[in-house]
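# Per-entry structural report
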Amino acid sequence: MIAPKGKLVIIGGAVDLGSNVSSQERIVPQDHLKFFDLGIVRRMINESARHEGSVVEVITTASPIPELVGAEYNKAFKQLNVPKINTLDIQSREDAANKSYLDRVRKADIVIFTGGDQLKLSSIFGGTEFLQILKARYQKENFMIAGTSAGAAALSAHMIYRGQNNEALIKGEVQITAGLGFIDAIIIDTHFVQRGRVGRLMYAVASNPGMLGIGMGEDTALLITDGIIMEAIGPGLVILVDGKNMVETNIYDVELGSPVSIENLRLHVMSIFDKYDLLQHRLSIKKIVKVEEGVFIKGPDNDFMQ
């Protein structure tokens, strides 16, 4: 398989007002919207094709408050001297076929899917020319595709779109469907630590141990290069649920509504600058990370991916 030339950025986010929020999670409304750490934005800019000169298109399709969300992204990027930031509020498959929108994503350097309802993203963009353009550019160009919260969950070939946390290891309580398909062999859940979603990610991995479960904490992100190298960026944590060496599960034997048992799932924890190779299934932990005036500084390279 030829490695993609583009980059993916999976962002845990801090606000998700769509269907991905369970009524039992009791999310306390904030007096401000905080979508991601500015350090993550800075790293995105540095990794993009034209840095501060990059054209950014923010796709607010998933959000129930697209105008407010678009304004917050605009503010975050302009705060870091990126003036060319626009919003694409695509609300139907007809919108997705709009020629002017297709032209805009052909010219963009960074495309970001915001949080909200990931099922809306897959149902509107699935099978469209819009999505085909993004996938082709990701494969062939130095082009960045990012997703925050529900937008992050939708980037992989399979996605969790619903599941109560307190019943996540009950057969039938976690719903999985096709995502946008930029990367295979992973499945992503966001707001992972804060909302206690470990059970539903374990369930997803048990249903197909060939997928690596990725649980994104808030204020953290993964930068994926060459389609296989994942680097943690931002101050939060990433939890990996690895079913490759799973011994047994009863998920296929028990009736709907019954608890599920799993033997020998492995968990890995990534923090800033750690790397994971999806091909070799190896984690490289950074030994030294300094903090100067609230900024994380990468220590010397001492891993297998130099």
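Let us look at the structure shown here. Going along each chain's sequence as written, the residues are numbered from 1 onward. Local features in a predicted model are, by the rule used here, given only for residues with pLDDT of at least 70; side-chain atom pairs are given and counted only at 80 or more, and totals for whole chains, interfaces and linings are based on all residues. Calculated side-chain values reflect all of the structure's heavy atoms, with hydrogen atoms and water omitted.

## So, the sheet that holds strand β5 (residues 144-148)
The following threshold applies: A pair of strands is labelled paired if DSSP reports no fewer than 2 bridges between them. Comment: elements are numbered from the N terminus, with helices defined as DSSP H or I runs of at least four residues and strands as E runs of at least two. All axes here are fitted lines through C-alpha atoms, helices being fitted over the stretch that makes contact, and every angle between N-to-C directions spans 0 to 180 degrees. Contacts: residue pairs with any heavy atoms within 4.5 Å of one another.
Spatially, nine strands are ordered β3-β2-β4-β5-β1-β10-β11-β16-β17 in an open sheet, and the strand pairing comes out mixed. The strands lining the two open edges of the sheet, one partner per strand, are β3 (85-88) and β17 (282-284). Sheet twist, expressed as the mean angle between neighbouring strand axes with direction ignored, is 20 degrees. Where strand β2 (residues 56-59) and β3 come together, four bridges link them in parallel fashion. Counted as the bridge partner of V58 is T87 from β3. Running over the sheet, helix α2 (residues 66-79) touches β2, β3, β4 (110-113) and β5 and is turned about 165 degrees from β3.

## Considerations on the packing of aromatic side chains
To be explicit about the condition: Note on aromatic pairs: the rings of Phe, Tyr and Trp (six-membered ring only in Trp) are paired at centre separations within 6.5 Å, and the planes decide the class, stacked below 30 degrees, edge-to-face beyond 60, tilted for the rest. Throughout, exposure labels follow a simple rule: accessible area from a 1.4 Å probe, protein chains only, divided by the maximum for the residue type, with under 20% read as buried, over 50% as exposed, and the rest as partly exposed.
Under the definition given, this model contains three aromatic pairs. Seen from their ring centres, F113 and F125 are 5.8 Å apart, and the 75 degrees between their planes marks the pair as edge-to-face. Of this pair, F113 sits in strand β4 while F125 sits in helix α5 (residues 118-125), and the two are twelve residues apart along the sequence. F125 shares its class with F113; the two are buried.

## A look at the nonpolar core
What tends to happen in soluble globular proteins is that the nonpolar side chains get buried as a cluster. We count it as follows: As used here, the term nonpolar core means buried Ala, Val, Leu, Ile, Met, Phe, Trp, Tyr and Cys residues forming a set that is joined through side-chain atoms within 4.5 Å.
Core analysis: the largest hydrophobic core is formed by 44 residues, its most contacted members being F113, F125, F130, F182 and I214. In terms of residue count, the dominant contributor to this core is helix α6 (residues 129-140) (five residues). When near neighbours in sequence (up to four residues on either side) are disregarded, F182 contacts L8, F113, L131, L134, K135, Y138, I145 and L155. Ranked by size, the runner-up nonpolar core spans 21 residues in total, among them I45, F77, V82 and I112.

## Some points on the environment of Y101
Among the structural elements, Y101 can be located in helix α4 (residues 99-107). The residues touching Y101, leaving out its near neighbours within four places in the chain, are L88, I90, D95 and F130.

## Considerations on the packing of α4 against α6
Rules: An angle below 35 degrees is read as roughly parallel, one above 145 as roughly antiparallel, one from 65 to 115 as roughly perpendicular, and any other as oblique. When residue character is reported, Ala, Val, Leu, Ile, Met, Phe, Trp, Tyr, Cys and Pro are called nonpolar, Asp, Glu, Lys and Arg charged, and the others, Gly included, polar.
Between α4 and α6, the shortest axis-to-axis distance is 10 Å and the interhelical angle comes to 10 degrees. In terms of their interaxial angle, α4 and α6 are classed as roughly parallel. Seen from α4, the contacting residues are K99, Y101, L102, V105, R106 and K107; seen from α6, they are E129, F130, I133, L134 and R137. Counted by class, the contact of α4 with α6 contains six nonpolar, no polar and five charged residues.

## Regarding the pattern of salt bridges
Under the convention used in this document: Each reported salt bridge corresponds to a side-chain nitrogen of Lys or Arg within 4 Å of a carboxyl oxygen of Asp or Glu.
In the structure shown here, the tally under the stated rule is twelve salt bridges. In this structure, D103 and R106 form a salt bridge, with 3.1 Å as the shortest nitrogen-oxygen distance. Remark: R106 and D103 occur in helix α4; sequence separation between them is three residues, near one turn of the helix. The closest approach of N and O atoms between R137 and E141, which form a salt bridge, is 3.0 Å. Its relative accessible area of 10% is what places R137 among the buried residues. A network of salt bridges, in which partner residues are shared, links K7, R43, E47 and E231.

## Topic: the sheet that holds strand β8 (residues 186-189)
Read across the open sheet, the four strands follow the order β8-β9-β12-β15; overall the sheet is mixed. Looking at strand neighbours, the two that pair on one side only are β8 and β15 (266-270), the edges of this open sheet. The sheet shows a mean angle of 20 degrees between the axes of neighbouring strands, taken without regard to direction. In this structure, β8 lies alongside strand β9 (residues 212-216), joined through four bridges in parallel fashion. Within β9, the position partnered with I188 by the bridge is I214.

## As for the side chain of T128
The condition is simple: Nitrogen and oxygen atoms within 3.5 Å of one another constitute a polar contact, given that in protein one can donate a hydrogen and the other can accept it, and given that sequence-neighbouring residues count only through two side-chain atoms.
Tracing the sequence through the fold places T128 in the loop between α5 and α6. Relative accessible area serves as the criterion here: at 9%, T128 is assigned to the buried category. Reaching out from T128, the side chain makes a polar contact with the backbone nitrogen of L131 at a distance of 3.2 Å. If we skip the residues at most four places from it in the chain, T128 touches R93 and A96.

## Concerning unusual backbone geometry
Phi angles above zero are rare outside glycine, and N81 is one such case at about 65 degrees. With respect to the helices and strands, N81 occurs in the loop between α2 and β3. The class of N81 is exposed, set by a relative accessible area of 55%. Here the phi dihedral of N264 falls at roughly 75 degrees; this positive angle occurs in a residue that is not glycine. In this fold, N264 is placed in the loop between β14 (262-263) and β15.

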